[in-house]
Amino acid sequence: MPAAGQEAGVIRVDLGKTTGDFLGGASGTLYGLYDEGLPSENLIDGIDLTTVATKAQDGPQHPGADALEVLGPVVEASSGDVYIYMTDVHRGFPYQWPGDTPEEKLDLYMEKIRLQVEQVAALPAEQQDNVVFMPYNEPEGNMFGTGTWSYNRVSWLNDPQYFFAAWDRAYAEIRSILPEARIGGPNTSTLYNQVEGFLAHTVAAGTVPDAVVWHELSAPAIIRSNVDKYRGWEAEHFAGTPYEGTRLPINITEYAYNYHTSVPGQMIQWISALEDKKVYGDIAYWNIDGNLSDSAVQANRANGQWWLLHAYSQMRGAQTVAVTPPRPGVSYTLQGVAALDTDKRQARVLLGGASGAYTLALDNVPSGVFGQNVHAVVREIGWSGQLGDSAQPSTVAEVDLAVSGGTAELDFGSGGLPALNAESAYEVIVTPSVAPGDAAVPRTAWESTYEAENATFTGTGLQRNGPEGSPSAVAKFYTSGGYNVGGMRTGANNALAFNVSVPQDGVYDLSVFASSLNTDPEVQAQGPTNMFLRVDGDAATEQELFLTLGYKWVVWDHTDTKVELTAGDHVITLATRSLDGTGAITGDVILDKIDLSLPRPGPAGDVYEAEFAELDGGAAPTYASTHRGSGPGAAAVPVGGEATFWVYSPDDASALLDVASRGDRKVELEVNGQTVSTGQGGIANAFLLGGVNQVTVKGAQGLEVDRLAVTPSGETTGAVYEAEDGTLAGTASAASLSLASGGAAVTGIGGDPGNGNTLTFDDVEVTKAGEYALTFRYSNEEQSPSTHYNPDPVARYALVSINGAAPVRVVFPHSFHENNFWELTVPVDLKAGVNSIVVRGEEKPQWDGTTYASDTWPGVPLRSQYAPNLDRIAVTPLFEDIAWRELQSFNYPDRLVRHVNGNVRLERNPDPEADAQFRMVPGLADGSAGYVSFESVNHPGHYLRHSFFELVLARDDGTALFDRDATFKMTEGLADEWCTSFQSYNYPAQHLRHAGFELQLDPIESEIDRADATFCVTV
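The name given to the protein chain in an unreviewed UniProt entry is AbfB domain-containing protein, with Glycomyces niveus as the source organism.

Have a look at this one:
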């Protein structure tokens, strides 16, 4: 039976019971940053990264992740702290620390500690403040355990004297150089009972750590009980000392295991426990570094875990409130975290960890904040695999809820809300329900999952693998359904047939979740393993898919394609041979599942609500009773304020950014740190990075923003230059690679310092000077020999010089094979005409700027000497002017204003399209802000003007009357404040409106008149 206050099937959020300021401590990572740019600043800032635990500068433990090289990016992006694993100045695990005697070992280690602290002491003070030194890591299994490499083979858990003395010595060494340094410890692999003795010793010795540190890797519920246990010890041993009443910061510097990481429904259980106890935590490093502990994909893409951490970070500035799940403190059950921000009039809830029908009960809803009804937006944060790129969470429901007896309820599994999925987390945003505008529309109209182990096996050699990860096997990786299918490898002749049933005719999105080990001998031959997909055995439907690679088996990614299906039953087959026998698999792959979904019809693109954006500098949500835009409200963004949107792009490509503001005015944007002003209607054509983009609306007098709409742009395409067509010098040469465009890529760029092995693109031509996106299509197969369970991929650096300028170092993550190509974009300045781009490679020096890891650790690849293999580059303007606008009728949104033989009217699908395209230029009679004239795109020199109060297209005759007749004042839309109305310049009592679909001037008197006189500026 549930305990008091609990209900089976109900998770309760008490908005009347605060539990403290939101901490955000769960957004930490161990070895999660490789170097500046990997991962990108967007991915760091987008989760408000609080702590990074990482190796000692220039340590050989793993390639990359050097403490002082990641410190700057962390401080710049999120002001987070870097916890330095000082022990990782050694190779191996257990650490291979040198010395023939225990005393010599410790003496040599103290020298290394001194050097690390001196390096930090030379940093700017604002960076020193963000450093925490951790002199030991899991001492019971390393330096002060019983192993060959230990101090004296005496475990400190049995006899602590040697470890305590070493702790005191390290503490004194650090403080002798930096008296205000922060020190963390003991950093044990769990909260042993012996940590109480450590605490008692440090109080007596005057070496109390500034942060108490240990690891929790087994199950999330242990966080709560162990923090309570430690707090009890702390209160007891601090009593009667100068520390009495002190609660030291706690950092669980390694949390979660393979079964948990990347899975939102698992990770929300850890996050809720850490936030509940107000402690910090760094997600453990079980796999590769530089990916935010299985949160980041490539350099700038995000998986589902990242989007969960992002949603968690959006509680910043709020007060957390009490959450009572059905089974408090029990791992692998429904858990959650919630926060209330009374200034924003918002509550946010994150929950997950169970499947089925559950009720979210919001208790003690403050009527002074929300009123008698609330509006709830529900988003699902799904699992996309460890390496699977994920779009922003999909809105699955948007509803108004009555508050009865102080409680509002959301019933998952009924009333239009989906049942919970245990692998997903769910974000619920609660606002006032004053006058909600257009509700968000789910991206898919239908979706379903089909497990590989349930498919029909044909041929020979297929096997069902599993069970994989589970609550009783957390060292294994999570797998949908717990099983996968293998046996699809070079020489095989077999297939998996999935029986699917779809509701209607359409083009469906299909994702194949697969895993393939990059170092497997059969995979090495080609890289991505190829298979053949077909529908109902029809050769005309057959596609060859190249499935994604990974760093271990059972690490999942997805390969996406589209299939055309009619309503009803079908068989989707994944085979190792093509139907005609000419194609065959090369490699080795295992399959987990396929996901099939039908995109919802309607305009392509995504909408991001301003009231849910990150609002700073005085920006705040508004919930007006007259709101007629999208979502439940808008955001006022005054001078000095900002509204930041985290925008997903599937590709490195241009997109139209449409900011709907009151009156549809021009606004200033910052896109990934680059500034641009929109044109009329708040629209900009901007280059977006594949993955996560930071788009910030800058505040202005009277600016109120409803939403940001992002749609693919067909306006801008980049010029492409094949690498093999460039000028190659030294060892740089064109190599045949089957998945490179044109079948070849350039390898061998780089070498020893000062080498001349370069690739030059000397014919990059642009029409005007400015900022451009330089997109590299590259591969990087370099990998260091692993010393234990972590694969050690090596990032490569390219030194890129534009027109002879000083080179810029660009970091390229490992792509798992030389025949596996990814894209990475950097901004560059180009001159008008022909430009030269030179790409070099050489080893990045160590922190001192003069020595090299290859000399200190010969035979251990820690820093690459080479640039990545380059397939091609593309050059695209970062921002492109949009030469024209369209005027869309507010009350007939399928119709546009167009001209026909000089007449102006509303029509659907105007042909030619240019008849509905106009340049919005400063008013001919008054060029000041707010006055416009409309010049025809396909009849230059012709403008919209009124003549006898009817709108016509006429050539500018140069008269003052023409100028006045062709000038209009933009005002807030008379029927919708987020659109625009146009007031006649010389007849200010009259507005432009349509009547019988003809455009004319009229006084506006009725609701119908107001709707007819309202237009939305689009492109």
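Student: Explanation requested: the packing of helix H3 (residues 102–121) against helix H5 (residues 161–177) in the structure shown.
Tutor: Between two packed helices, the angle of one axis relative to the other and the distance separating the axes together describe the packing. The contact between H3 and H5 brings their axes to 9 Å, and the two run at 30 degrees. In terms of orientation, H3 lies roughly parallel with respect to H5. The chirality of how H3 crosses H5 is right-handed. In this structure, H3 contributes Leu106, Asp107, Met110, Ile113, Arg114, Val117, Glu118 and Ala121 to the contact, and H5 contributes Ala166, Arg169, Ala170, Glu173, Ile174, Ser176 and Ile177. Its residues placed into classes, the contact of H3 with H5 shows nine nonpolar, one polar and five charged.

Student: Where do I start with the state of the cysteines in this structure?
Tutor: Simply put, disulfide is the name for a covalent bond between the sulfur atoms of two cysteines. In this structure the tally under the stated criterion is one disulfide. There is a disulfide in this structure between Cys979 and Cys1016, and the S-S distance comes to 2.2 Å. Between Cys979 and Cys1016 the sulfur-sulfur dihedral comes to about 60 degrees; the bridge is accordingly right-handed. Taken together, the residues span a long stretch of sequence, with Cys979 in the loop between strand S63 (968–972) and strand S64 (980–984) and Cys1016 in strand S67 (residues 1015–1018) at a distance of 37 residues. In this pair, the class of Cys979 matches that of Cys1016, namely buried.

Student: What am I meant to see in the side chain of Asp35 here?
Tutor: Relative to the helices and strands, Asp35 resides in the loop between strand S2 (28–30) and helix H1 (41–45). Of note is the side chain of Asp35, whose polar atom sits 2.5 Å from the side chain of Lys844. Excluding residues that lie within four positions of it along the chain, Asp35 makes contacts with Glu69, Val70, Tyr797 and Lys844.

Student: Please explain the UniProt feature "domain: CBM6" (unreviewed entry) in the protein chain as it appears in this structure.
Tutor: Summarizing the sequence annotation, UniProt attributes the feature "domain: CBM6" (unreviewed entry) to residues 448–597 and 719–876 in the numbering used throughout. For residues 448–597, helix accounts for 3% and strand for 50%, while the C-alpha atoms at its two ends are 6 Å apart. Between the end C-alpha atoms of residues 719–876 the distance is 7 Å, and the span holds 3% helix and 46% strand.

Student: Honestly, unusual backbone geometry in this entry has me stumped. Any pointers?
Tutor: Outside of glycine, negative phi angles account for most residues, and trans bonds account for most peptide bonds. Here the residue pair Leu38 and Pro39 is connected by a cis peptide bond, since its omega of 0 degrees sits within 30 degrees of zero. Looking at the secondary structure, you find Pro39 in the loop between S2 and H1. With an omega of 5 degrees, the peptide bond running from Phe93 to Pro94 counts as cis. One non-glycine residue with positive phi stands out, namely Gln298, at about 55 degrees. Relative to the helices and strands, Gln298 resides in the loop between strand S10 (296–297) and strand S11 (301–302).

Student: Sorry, what's going on with the nonpolar core here?
Tutor: Counting 122 residues, the largest nonpolar core has Phe133, Tyr136 and Tyr255 as its most contacted members. Residue contacts for Phe133: discarding those within four places in its chain leaves Ile84, Met86, Gln116, Val117, Val120, Ile174, Leu178, Ala181, Arg182, Ile183 and Gly184. Ranked by size, the runner-up nonpolar core spans 53 residues in total, among them Tyr551, Phe761, Leu824 and Ile873.

Student: Looking at this structure, I do not really get the sheet that holds strand S24 (residues 494–502). What am I missing?
Tutor: Through backbone hydrogen bonds, the strands of a sheet pair up, either in parallel or in antiparallel fashion. The five strands lie next to each other as S21-S24-S29-S26-S27, forming an open sheet whose pairing is antiparallel. At either margin of the open sheet sits one strand with a lone partner, and together these are strand S21 (456–459) and strand S27 (543–547). Each neighbouring strand pair of the sheet contributes to a mean axis angle of 30 degrees, computed without reference to strand direction. Here eight bridges tie S24 to strand S29 (residues 568–575), and the two strands are oriented antiparallel to one another. Its bridge partner being in S29, Val502 is matched across the sheet by Gly568.

Student: Quick question: what am I supposed to make of the packing of aromatic side chains here?
Tutor: Aromatic rings considered in pairs are described by the distance between their centres and by the relative angle of their planes. All chains considered together, the criterion is met by 42 aromatic pairs. Aromatic side chains Phe163 and Phe198 sit 6.0 Å apart centroid to centroid with 20 degrees between the ring planes, which places their arrangement in the stacked category. Linking Phe163 in helix H5 with Phe198 in helix H6 (residues 194–205), this pair joins segments that are 35 residues apart in sequence. Since its relative accessible area comes to 1%, Phe198 is described here as buried. An angle of 35 degrees between the planes, with centres 5.7 Å apart, marks the rings of Tyr255 and Trp270 as tilted. Residue Tyr255 is located in strand S8 (residues 250–255), and its partner Trp270 is located in helix H8 (residues 264–277); the two are separated by 15 residues in the primary sequence. Across the pair, exposure class does not vary: Tyr255 and Trp270 are buried alike. Within the aromatic cluster, the residues linked to one another by ring pairs are Trp97, Tyr109, Tyr136, Phe144, Tyr151, Trp156, Tyr162, Phe163, Phe164, Trp167, Tyr171 and Phe198. For Arg464, the ring lying beneath its charged end belongs to Tyr483, and the centroid distance is 3.8 Å.

Student: I keep staring at the pattern of salt bridges and nothing clicks. Help me out?
Tutor: Side chains bearing opposite charge may pair, as long as their charged atoms lie close to each other. In this structure the tally under the stated criterion is 49 salt bridges. Between Arg628 and Glu977 there is a salt bridge, and its shortest N-O distance comes to 3.2 Å. Residue Arg628 is found in the loop between strand S33 (620–622) and strand S34 (634–636), and its partner Glu977 is found in the loop between S63 and S64; the two are separated by 349 residues along the sequence. We classify Glu977 as buried; its relative accessible area is 3%. Overlapping salt bridges bring together Asp35, Lys55, Asp58, Asp66, Glu69, Lys844 and Arg863 as one network.

Student: So what exactly am I meant to see when it comes to the environment of Asp557 here?
Tutor: Position of Asp557 among the secondary structure elements: in strand S28 (residues 557–565). Those residues in contact with Asp557 that sit more than four places away from it in its chain are Leu387, Gly388, Asp389, Val512, Phe513, Ala514 and Thr548.

Student: Explain H3 here, please?
Tutor: The periodicity of an α-helix, 3.6 residues per turn, causes residues three or four places apart in sequence to face the same way. In this model, H3 (20 residues) spans 29 Å end to end at C-alpha, consistent with the 28 Å of a helix rising 1.5 Å per residue. Those residues of H3 not exposed but buried are Lys105, Leu106, Tyr109, Met110, Ile113, Gln116, Val117, Gln119 and Val120. On its buried face, H3 sits against helix H2 (67–78), strand S4 (81–85), helix H4 (125–128), strand S5 (131–134) and H5.

Student: Can you help me understand helix H9 (residues 304–313) in this one?
Tutor: Most of H9 sits out of view: ten of its ten residues are buried. Buried residues of H9: Gly304, Gln305, Trp306, Trp307, Leu308, Leu309, His310, Ala311, Tyr312 and Ser313, and no others.

Student: How should a negative patch on the surface be read in this particular structure?
Tutor: Taken together, the side chains of Asp725, Asp762, Asp763 and Glu765 define an acidic patch exposed on the protein surface. According to the relative accessible area criterion, Asp725 is exposed, its value standing at 63%.

How each quantity is defined
Residues numbered from 1 in each chain as written. Predicted model: local features only at pLDDT ≥ 70, side-chain atom pairs only at ≥ 80, totals over all residues. Heavy atoms only, no water. Axes fitted to C-alpha atoms, helices over the stretch in contact; angles between N-to-C directions. Helix = DSSP H or I, 4+ residues; strand = E, 2+ residues; numbered from the N terminus. Parallel < 35°, antiparallel > 145°, perpendicular 65-115°, else oblique. Left-handed = near helix turned anticlockwise from the far one by under 90°. Contact = heavy atoms within 4.5 Å. Nonpolar A, V, L, I, M, F, W, Y, C, P; charged D, E, K, R; others polar. Disulfide = S-S within 2.5 Å. Buried < 20%, exposed > 50% of the residue type's maximum accessible area, 1.4 Å probe, protein only. Polar contact = N/O pair within 3.5 Å; in protein donor to acceptor, adjacent residues only side chain to side chain. UniProt positions renumbered as here; feature names shortened; annotations may be inferred. Core = buried A, V, L, I, M, F, W, Y, C linked by side-chain atoms within 4.5 Å. Pairing = 2+ DSSP bridges. Phe/Tyr/Trp six-rings, centres within 6.5 Å; stacked < 30°, edge-to-face > 60°. Lys NZ or Arg CZ within 6 Å of the ring centre and 35° of its normal. Salt bridge = Lys/Arg side-chain N within 4 Å of Asp/Glu carboxyl O. Expected span 1.5 Å × (residues − 1). Patch = residues over 30% accessible without salt bridge, like charges linked within 9 Å, V, L, I, M, F, W, Y side chains within 5 Å. Areas by Shrake-Rupley, 256 points an atom, 1.4 Å probe, with all protein chains shown as cover. Lys, Arg positive; Asp, Glu negative; His and termini not counted. Charge placed at Lys NZ, Arg CZ, Asp CG, Glu CD.

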